[in-house]
Amino acid sequence: VGAMFQAYPVTGSLSRTAVNGSMGVKTPMTSLMMSIVVMITVSFGADLLHHLPNALLGSIVITAAMSLVDINTAIKMYG
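Quick look at the structure, then. As the structure is a prediction and not an experimental result, all values here were calculated from the model.

1. Comments concerning the overall build of the chain
Thinking step 1. Scanning the chain from N- to C-terminus turns up four helices and zero strands.
Thinking step 2. Reading the chain from its N end, one meets helices and strands in the order α-α-α-α.
Thinking step 3. As presented, the chain carries roughly 6,900 Å² of accessible surface, and 69% of it is formed by carbon and sulfur atoms.

Dropping the structure here:
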């Protein structure tokens, strides 16, 4: 979707991985289904999301990605 609007993808796959992992997804077909949901959301839900602060939208992504980070392992590696 971003290629059609000259968008710069930052970390979209990381948050999708977190959501897929928390849902117990096992097949690559989920990427197709998720892309359809994102296209529908962007097409019809952009007006609703436009009024939300960026900090709120960022916190949603960070909350989904928190399951990808193991704090104890990071402390052991760098501590």
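2. A word on the side chain of T30
Thinking step 1. Examined against the element boundaries, T30 turns out to sit in helix 2 (residues 29-49).
Thinking step 2. The class for T30 is buried, based on a relative accessible area of 18%.
Thinking step 3. Of the polar contacts made by the side chain of T30, one reaches the backbone oxygen of T27; its length is 3.2 Å.

About the cut-offs
- Residues numbered from 1 in each chain as written.
- Predicted model: local features only at pLDDT ≥ 70, side-chain atom pairs only at ≥ 80, totals over all residues.
- Heavy atoms only, no water.
- Helix = DSSP H or I, 4+ residues; strand = E, 2+ residues; numbered from the N terminus.
- Areas by Shrake-Rupley, 256 points an atom, 1.4 Å probe, with all protein chains shown as cover.
- Buried < 20%, exposed > 50% of the residue type's maximum accessible area, 1.4 Å probe, protein only.
- Polar contact = N/O pair within 3.5 Å; in protein donor to acceptor, adjacent residues only side chain to side chain.

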